[in-house]
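Reading the structure
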Amino acid sequence: MSNEMDTKVSSVDVASPDGEVSSVQTSAVPISHSESTLGRHIARRLVQIGVSDVFSVPGDFNLALLDYLVAEPGLNLIGCCNELNAGYAADGYARSRGVGACVVTFTVGGLSVINAIAGAYSENLPVICIVGGPNSNDYGTNRIIHHTVGLPDFTQELRCFQTVTCFQAVVNDLEDAHELIDRAISTALMESRPVYISISCNLPTISHPTFSREPVPFTLSPKLSNQMGLEAAIEAAAEFLNKAVKPVMVAGPKLRVAKACDEFVELADSCGYPVAVMPSAKGIFPEEYPRFIGTYWGVVSTAFCAEILESADAYLFAGPVFNDFSSVGYSLLLKKEKAIILQPDRVLIGNGPAFGCVLMKDFLIGLSKRLKKNTTAYENYCRIYVPQGHVVKSEPKQALRLNVLFHHIQNMLSGDTVVIAETGDSWFNCQKLKLPKGCGYEFQMQYGSIGWSVGATLGYAQAATDKRVITCIGDGSFQMTAQDISTMMRCGQNNIIFLINNGGYTIEVEIHDGPYNVIKNWNYTALVDAIHNGEGKCWTSKVFCEEELVEAIETATKKKKDCLCFIEVVVHRADSSKDTLEWGARVAAAGGRAPNPQ
């Protein structure tokens, strides 16, 4: 074999977490030995798993690696204004593409991005977080390195990431670099969680024999159900549900992690039960489905949904997350003995038994063949359902109300749009939107980090170029992460951002009010115009009444449809949805419980 050339193989087989093997095609051209470097290998690996955009902030420890990412034909390196937004962007990208990636520098960058990585971990999103690390020669010495807290200890960053990633790889030696990188990437895909990869800053430029073949194949071992456990779980669940009079189904957020969304719909088709979604699962189940009854969120559920669900004698929850937010301060009127709880690889029926090593997808397929048709609960829903009233039309030049705003946002939605809802009052207003077929929906309920939506919008729009992203964000959240509006402009995105200006942290007001919830008002449209600075396509508008809102939406969707459109909506500080008030009161009560006597 020549020292100068190796020949590329034509494809690499990569198995997805559900066991399906896909083939990533590559061109069969020779590459020089000088190009078989660690940096180029990482760049190629990202392309092979479906990443075509990497979000980054440069720093002296990662610059050599960034050179290789820039040089990779299949990659687009997107520089962000700060590491937090780079992580949020990788989160949003992973929601659309299935995997995302960000690259930052050692410790000052790593500890800045870690909040976003923790959010991705909470939402089961595979994000490859790559950090440029210290020179490999400095490991094992007593040296103090810059960008650290001043101790001769390089493990601080690693120890922080151990709690919010499912695998950590510290690459400071080329001999095992290939194995560590592949194990990290495959673990991210298998576990659907973020991973941490630290690359010593002096290694990306160095060639090594393990990188000389292009591409070096790797496979993911498919997850399999225990067949005896699967059969027993299906039999027990079918007996449980078939003897129920009015059973219902509820979709949870981990349906997406389990890659069982289609199988859940097939089960609904076969059994005839009405279907609700948990708030964090909105967008996972098609809302045009004939027996869809809305969002189950306790006392702030879609009208008549909670009544049907809480009066059922059996309910099947697929991939639920029950926390204080989703349970409205632990106030759900559910009984464990009536529930079948499906997790991605586990089934719990009533108070028992539990069946482990049972994949949700396999379980749903088997159960759909064993259930009797039962439409009783849906017929009950139809009997009690009363159509929602119309929003009262505003008087001329009347101050804009939030229900009027979201009435008009509803009319903007189609299969070519995606809604991104920021943590806060937008959760509740966006939850009421009826999603047309193909319309996406994303929000971060478990972690609830305010400001998340700016970076997530950047990342999602970069991944889903066939969709127009519509983002609803409050002024308090926007002040956290506003800078990366500029990155959207640099990328030529045409998102529509509704900035809801009500002068404070509304959701915090409803949980516990105080002077700290009032923020300094900005001239938001002027800020975005300043960021625009005549470079790229951007259009802004500030609206105070319905007439101005209608005109702004008309412009954004027609004349300025290829521009980033920023619409500042000025509303009264006390204009909150009924659901926000109810939810806030109950969460506050849960958080304010007195200590139990010891």
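Just so it is clear, the structure is predicted and the values come from calculations on it, not from any experiment.

1. Structural notes on the sheet that holds strand E17 (residues 354–356)
Here seven strands make up an open sheet; going across it, the order is E13-E12-E11-E14-E15-E16-E17 and the pairing mixed. Lying at the two open borders of the sheet, with one neighbouring strand each, are strand E13 (292–295) and E17. Shown here is a sheet whose adjacent strand axes are inclined to one another by a mean of 15°, direction ignored. Inspection of the sheet shows strand E11 (residues 248–251) paired to strand E14 (residues 315–318) by four bridges, in the parallel sense.

2. A look at the state of the cysteines
Taken as a whole and judged by the stated rule, the model has zero disulfides. Here Cys81 stays free of any disulfide, with the sulfur of Cys80 as its closest cysteine sulfur at 7.2 Å. Unpaired in terms of disulfides, Cys305 finds its nearest cysteine sulfur in Cys382, a separation of 13 Å.

3. Thoughts on the confidence of the model for the protein
On average, residues of the protein score 90 in pLDDT, and 91% of them reach the 70 mark or higher. Confidence over residues 1–31 falls short of pLDDT 50; this stretch has 64 contacts with residues more than four positions distant or in other chains.

4. Considerations on the packing of aromatic side chains
Scanning the entire structure with this criterion turns up 21 aromatic pairs. Ring centres 5.1 Å apart and planes at 70° place the aromatic pair Phe285 and Tyr289 in the edge-to-face group. For the pair formed by Phe285 and Tyr289, the shared burial category is buried. Centre to centre, the rings of Tyr315 and Phe317 are 6.0 Å apart; their planes meet at 80°, and the pair counts as edge-to-face. Judged by relative accessible area, which is 1%, Tyr315 ranks as buried. Taking relative accessible area as the criterion, Phe317 reaches 1% and is therefore assigned buried. By way of ring pairs, the aromatic residues Trp297, Phe325, Trp427, Phe428, Tyr441 and Phe443 are connected into one cluster. A cation over a ring is seen here: Arg193 above Tyr121, with NZ or CZ 4.2 Å from the ring centre.

5. Regarding the pairing of strand E9 (residues 168–171)
The two faces of E9 differ: Ala169 and Val171 on one face are buried, but Gln168 and Val170 on the other face are not. Examined bridge by bridge, E9 and strand E10 (residues 195–200) share four bridges and lie parallel to one another. Residue pairing across strands places Gln168 opposite Tyr196, the latter belonging to E10.

6. Side note on the side chain of Ser36
In this structure, Ser36 sits in the loop between strand E4 (30–32) and helix H1 (38–48). When its relative accessible area of 1% is taken as the criterion, Ser36 is described as buried. Apart from residues lying up to four places away in sequence, Ser36 is in contact with Ile206, Ser207, His208, Phe211 and Ser212.

7. Things to note about the sheet that holds strand E21 (residues 496–501)
Across the sheet, six strands lie side by side as E19-E18-E20-E21-E23-E22; this open sheet has parallel pairing. Of all the strands in the sheet, just strand E19 (440–442) and strand E22 (538–543) have a single pairing partner and so form its edges. Pairwise comparison of adjacent strand axes, ignoring direction, gives a mean angle of 15° for this sheet. In this sheet, strand E23 (residues 564–570) lies alongside E22 in parallel orientation, the contact comprising six bridges. Paired with Lys542 across the two strands is Glu568, which belongs to E23.

8. Some remarks on helix H9 (residues 261–271)
Of all the positions in H9, only Glu263, Phe264, Val265, Leu267, Ala268 and Cys271 are classed as buried. Packed against the buried residues of H9 are E11, helix H8 (254–258), strand E12 (275–277), E14 and helix H11 (360–368). At the C-terminal side of H9, Gly272 shows a positive phi close to 80°.

9. A few points about the pairing of E11
Because side chains alternate across E11, one face comprises the buried residues Val248 and Val250, and the other comprises Met249 and Ala251, equally buried. As paired elements, E11 and E12 share three bridges and run parallel to each other. If you follow Val250 over to E12, its bridge partner there is Ala276.

Calculation rules
- Residues numbered from 1 in each chain as written.
- Predicted model: local features only at pLDDT ≥ 70, side-chain atom pairs only at ≥ 80, totals over all residues.
- Heavy atoms only, no water.
- Pairing = 2+ DSSP bridges.
- Helix = DSSP H or I, 4+ residues; strand = E, 2+ residues; numbered from the N terminus.
- Axes fitted to C-alpha atoms, helices over the stretch in contact; angles between N-to-C directions.
- Disulfide = S-S within 2.5 Å.
- pLDDT = per-residue confidence, 0-100.
- Contact = heavy atoms within 4.5 Å.
- Phe/Tyr/Trp six-rings, centres within 6.5 Å; stacked < 30°, edge-to-face > 60°.
- Buried < 20%, exposed > 50% of the residue type's maximum accessible area, 1.4 Å probe, protein only.
- Lys NZ or Arg CZ within 6 Å of the ring centre and 35° of its normal.

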